[in-house]
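# Coordinates in review
Each chain, letter by letter, is given below.
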Amino acid sequence: MLRELKTFIAVTRYGTFAAAGMHIGLTQSAVSAQMRNLEQALGIRLFDRTGRQAILNAAGQRALPMAREMLETFSRMSVSDDVSEYRGELKIGAVATAQTGLLPQALLRLRQQAPLLEPKLVPGVSLNLLSQVDTGEVDLAILIKPPFELPKELSAQVIRREPFVLIVPPELEGDDPLQILTNHPHVCYDRNSFGGRLVTRFLREQQIDVQVALELDELEAIVKMVECGLGVSLLPEAGLWLEYGAKVRIIRLGELTFYREIVLLQRYSQRMQPIQQLFAKCLAQIGS
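This one's a predicted model, so the numbers in the text were calculated from it and none came from an experiment.

What follows covers unusual backbone geometry. Although it is not a glycine, Gln 207 sits at a positive phi angle of roughly 55°. Here Gln 207 shows up in the loop between helix 9 (194–205) and strand 8 (212–216). Note on Gln 207: relative accessible area 74%, which makes it exposed.

What follows is the structure, encoded as structure tokens:
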């Protein structure tokens, strides 16, 4: 019945039997047959079928976390407590700055202690990575702390706090960050991203209505735009631009400083697994 449980979770993730089948390598009829078998074995209906969509009913919503827990329990049966003997894949989600910042040294430490492990990096933005951890597509992820309460099934451990600073072209005069933001175009950190929402809140609290010159999500690209004179920008003091000596002037916010928190996100039920604990330890040693 484990096969049916995996297919059940895939259907809830992708919304239709056809989409689930496409992602897990089954035909739509095979997915339908497995869902009939599962419903017959449980003696309940799990879905309200509307057109092509398969929508979880109350029984299905109750069954979903238990199905995930059963699969997680089964996967732990084959895991040795000795991490040096651990074989298998560890899917690690990471935002861009973590890929080039925290992650390389953490992975090196991880390989030294678990040489048989096969890490797989899954890049993404914070919101998507959160969803992938929640659905089990990745084992854990390094992302920006969400500006909302997490589901109780997820655990977030803060590993780094990054201050926001104002960057301006070198030739731009003045050191008052609020005055500069008021008087110059703003290269905006994507307002839909978790980090961008922090900037939006700061500007609202300071009652500054900026003139947006451009909006994007990649920190290095934002820095390049400021270097070229497109505008000024509020962004976290993190990323490769700090290492390559960007041609910008950094203005600190002093008592107005606000922070972006980087967290390690895991499913609560998996956070005590030896390999996940080891990765968290390696990451904490780099982040501290």
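We now examine the packing of helix 1 (residues 2–14) against helix 2 (residues 17–24). Relative orientation and spacing of two packed helices are given, respectively, by the angle between their axes and the distance between those axes. Contact geometry for helix 1 and helix 2: axes closest at 8 Å, N-to-C directions at 120°. Viewed along their axes, helix 1 and helix 2 form a crossing whose handedness is right-handed. Facing Thr 7, Ala 10, Val 11 and Tyr 14 of helix 1, the residues of helix 2 in contact are Phe 17, Ala 19, Ala 20, His 23 and Ile 24. Residues that form the contact of helix 1 with helix 2 fall into these classes: seven nonpolar, two polar and no charged.

Scanning all chains against the criterion turns up 10 salt bridges. Here Arg 191 and Glu 215 are joined by a salt bridge, their closest N and O atoms 2.6 Å apart. Highlighted residues: Arg 191 in the loop between strand 7 (186–189) and helix 9 and Glu 215 in strand 8, separated in sequence by 24 residues. Classification of Glu 215 by relative accessible area gives partly exposed; the value is 32%. Put simply, Lys 145, Arg 161 and Glu 261 are held in one network by salt bridges that share partners.

With that settled, the discussion passes to the side chain of Asp 190. Inspection of the secondary structure puts Asp 190 in the loop between strand 7 and helix 9. Summary of buried charges: Asp 190 has no salt-bridge partner, and the nearest side chain of opposite charge, Arg 191, is 6.4 Å away.

Rules of the game
- Residues numbered from 1 in each chain as written.
- Predicted model: local features only at pLDDT ≥ 70, side-chain atom pairs only at ≥ 80, totals over all residues.
- Heavy atoms only, no water.
- Helix = DSSP H or I, 4+ residues; strand = E, 2+ residues; numbered from the N terminus.
- Buried < 20%, exposed > 50% of the residue type's maximum accessible area, 1.4 Å probe, protein only.
- Axes fitted to C-alpha atoms, helices over the stretch in contact; angles between N-to-C directions.
- Left-handed = near helix turned anticlockwise from the far one by under 90°.
- Contact = heavy atoms within 4.5 Å.
- Nonpolar A, V, L, I, M, F, W, Y, C, P; charged D, E, K, R; others polar.
- Salt bridge = Lys/Arg side-chain N within 4 Å of Asp/Glu carboxyl O.
- Lys, Arg positive; Asp, Glu negative; His and termini not counted.

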